[in-house]
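Here are the chains, one letter per residue:
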Amino acid sequence: MALPSVWSEMRVGILLLSVLGLLSAGLVGAAQDSGSVIPAESRPCVDCHAFEFMQRALQDLKKTAYNLDSR
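Residues numbered from 1 in each chain as written. Predicted model: local features only at pLDDT ≥ 70, side-chain atom pairs only at ≥ 80, totals over all residues. Heavy atoms only, no water.

Engineer: Tell me about the overall build of the protein, and please be specific about residues and values.
Structural biologist: Check the secondary structure of the protein and you find two helices and zero strands. The buried share among the 71 residues of the protein stands at 6%. When the accessible area of the protein is evaluated, it comes to approximately 6300 Å², of which 66% is carbon and sulfur surface. (Helix = DSSP H or I, 4+ residues; strand = E, 2+ residues; numbered from the N terminus. Buried < 20%, exposed > 50% of the residue type's maximum accessible area, 1.4 Å probe, protein only. Areas by Shrake-Rupley, 256 points an atom, 1.4 Å probe, with all protein chains shown as cover.)

This is the structure:
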């Protein structure tokens, strides 16, 4: 009977690790100097890419949680 609590704790841990990873990656990217300047018109929308990445990460977490629950 202790297994459901372990799985829920693992899901929370995975979610926290993914959020921390995203935050640290953002801080590292912000600290780097750019070698060449790309005009804003030709750069991709950073917010759009971050949103899409977060959506994919959440979908992967949902699939993992579902797979763990179904076992």
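Additional details are given in the paragraphs that follow.
Engineer: Which residues make up the pattern of salt bridges, and what are the values?
Structural biologist: The final tally for this structure, using the stated rule, is one salt bridge. For Asp-69, the salt bridge goes to Arg-11, with nearest N and O atoms at 3.2 Å. Pair noted here: Asp-69 is in helix H2 (residues 46–70) and Arg-11 is in helix H1 (residues 3–31), with a separation of 58 residues, a long-range link. Classification of Arg-11 as partly exposed rests on a relative accessible area of 33%. (Salt bridge = Lys/Arg side-chain N within 4 Å of Asp/Glu carboxyl O.)

Engineer: Give me a nonpolar patch on the surface: which residues, what numbers.
Structural biologist: A cluster of nonpolar residues, Leu-15, Leu-17, Val-19, Leu-20, Leu-23, Phe-53, Met-54 and Leu-58, forms a patch on the protein surface that exposes about 720 Å² of accessible area. For the nonpolar patch, the element with the highest residue contribution is H1, accounting for five residues. Looking at where Leu-23 falls in the secondary structure, it is placed in helix H1. (Patch = residues over 30% accessible without salt bridge, like charges linked within 9 Å, V, L, I, M, F, W, Y side chains within 5 Å.)

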